[in-house]
Amino acid sequence: DLERGEHPLVARVRDLPREPLLRLIQANRQDQRISRYRTFEDLAAYCRLSANPVGELVLHVLGAATPARVAWSDSICTGLQLAEHWQDVGEDRRAGRIYLPLEDLERFGVSEGFEPVEAFRELMRLEVERARELLHEGLPLVASLRGRPRLAVAGFAGGGFAALDAVERSDYDVLERSPRASRAERLVWALRVA
């Protein structure tokens with residue numbers, strides 16, 4: 001059990017750090033208690049628990065973890081998680097969760113009922129741009145890697161850009177369905193990022 005200092009076999013064999021694994025457990029517990037985030041910073045803090053540790057662990061598995069790479073990975077992972085949230089706004093709301101920051105809803109005059117009006121589209125435009133900026137901030141990670149690790153990370157980041165493009169192309173129609181990028185669109189983005 002990680003909380004008692006015991007490492008599962010994979011963590012021991014790969015010599016993975018314990019701290020990112022503990023953050024993932026903390027994120028799971030937070031998911032059970034929190035279904036709304038007041039500010040964008042609150043949501044970003046959740047991503048630091050639920051998404052960023054995954055990227056850090058991948059870098060450790062690849063033998064490529066350095067402080068700079070972990071920081072770039074954090075930007076990519078937060079951007080990826082936000083892209084997923086923005087694709088699934090309607091689905092999450094039906095499940096009782098709202099990831100759109102409450103302060104942003106208030107700022108744009110959008111209720112938790114999410115009417116598909118211009119104010120909602122403007123709100124989504126802001127959130128998509130935030131996620132895109134985070135993905136861009138993490139791109140030096142790709143350039144710092146070689147071979148398969150570079151291709152893998154380019155694929156993840158490219159998938160995030162493609163997902164955000166799909167949301168944008170749908171005119172931010174994320175309430176009834178979750179817009180998805182095609183495999184070809186993800187591949188094109190992965191190649192651009194690589």
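Residues numbered from 1 in each chain as written. Predicted model: local features only at pLDDT ≥ 70, side-chain atom pairs only at ≥ 80, totals over all residues. Heavy atoms only, no water.

Caption draft 1: Looking closely at the overall build of the chain. Helix and strand counts for the chain stand at 11 helices and 0 strands. The linear arrangement of helices and strands in the chain, starting from the amino end, is α-α-α-α-α-α-α-α-α-α-α. For a compact globule of 194 residues, the expected C-alpha radius of gyration is about 16 Å, and the chain comes in at 17 Å, within 12% of that figure. Overall, the chain is about 50 × 40 × 25 Å in size when its C-alpha atoms are taken along their principal axes. Residues counted as buried form 46% of the 194 residues belonging to the chain. Long-range contacts, defined here as pairs at least 24 residues apart, represent 67% of the contacts in the chain between residues at least 6 apart. For the chain, the exposed area adds up to about 10000 Å²; of that, 53% sits on carbon and sulfur atoms. Treating the 28 positive side-chain charges of the chain as one cloud and the 31 negative ones as another, the clouds have centres 6 Å apart. (Helix = DSSP H or I, 4+ residues; strand = E, 2+ residues; numbered from the N terminus. Rg over C-alpha atoms; globule rule 2.2 N^0.38 Å. Buried < 20%, exposed > 50% of the residue type's maximum accessible area, 1.4 Å probe, protein only. Contact = heavy atoms within 4.5 Å. Areas by Shrake-Rupley, 256 points an atom, 1.4 Å probe, with all protein chains shown as cover. Lys, Arg positive; Asp, Glu negative; His and termini not counted. Charge placed at Lys NZ, Arg CZ, Asp CG, Glu CD.)

Caption draft 2: Summary view of helix H8 (residues 118–138). Taking 1.5 Å of rise per residue, 21 residues should cover 30 Å, and H8 covers 31 Å from first to last C-alpha, within 8% of that figure. What H8 keeps buried is the set Phe-120, Leu-123, Met-124, Glu-127, Val-128, Ala-131, Arg-132, Leu-134, Leu-135 and Gly-138. Lining the buried residues of H8 we find helix H3 (40–50), helix H5 (67–87), helix H6 (89–94), helix H7 (102–108), helix H9 (140–144) and helix H10 (147–169). (Expected span 1.5 Å × (residues − 1).)

Caption draft 3: Fine view of the environment of Val-142. By secondary structure assignment, the location of Val-142 is in helix H9. Sequence-distant contacts of Val-142, that is, excluding residues within four places in its chain, are made with Arg-150, Val-153, Ala-154, Val-193 and Ala-194.

Caption draft 4: Quick peek at the confidence of the model for the chain. Chain-level pLDDT for the chain is 92 on average; 92% of the residues reach the 70-or-more range. Segment residues 9–13: pLDDT under 50, and 4 contacts once partners within four positions in sequence are set aside and those in other chains are kept. (pLDDT = per-residue confidence, 0-100.)

Caption draft 5: Summary view of the packing of aromatic side chains. Following the criterion strictly, the structure yields 5 aromatic pairs and no others. Relative to Tyr-99, the ring of Tyr-46 lies with its centre 6.2 Å away and its plane at 25°, an arrangement referred to as stacked. Taken together, the residues Tyr-46 in helix H3 and Tyr-99 in the loop between H6 and H7 connect sequence positions 53 residues apart. The class of Tyr-99 is buried, set by a relative accessible area of 9%. With a centroid separation of 5.7 Å and 40° between ring planes, the pair formed by Phe-114 and Phe-120 is classed as tilted. Phe-120 carries the same exposure label as Phe-114, and that label is buried. By the ring-pair criterion, three or more aromatic residues cluster together here, those being Tyr-37, Tyr-46 and Tyr-99. Here Arg-130 stacks its cationic end above the ring of Phe-40, 4.2 Å away from the centre of that ring. Of note, Arg-192 hangs over the ring of Trp-189, and the distance from its end group to the ring centre comes to 3.9 Å. (Phe/Tyr/Trp six-rings, centres within 6.5 Å; stacked < 30°, edge-to-face > 60°. Lys NZ or Arg CZ within 6 Å of the ring centre and 35° of its normal.)

Caption draft 6: Structural view of the state of the cysteines. All chains considered together, the criterion is met by 0 disulfides. The structure places no disulfide on Cys-47, whose sulfur is separated from the nearest cysteine sulfur, that of Cys-77, by 9.7 Å. Judged by its relative accessible area of 11%, Cys-77 is buried. (Disulfide = S-S within 2.5 Å.)

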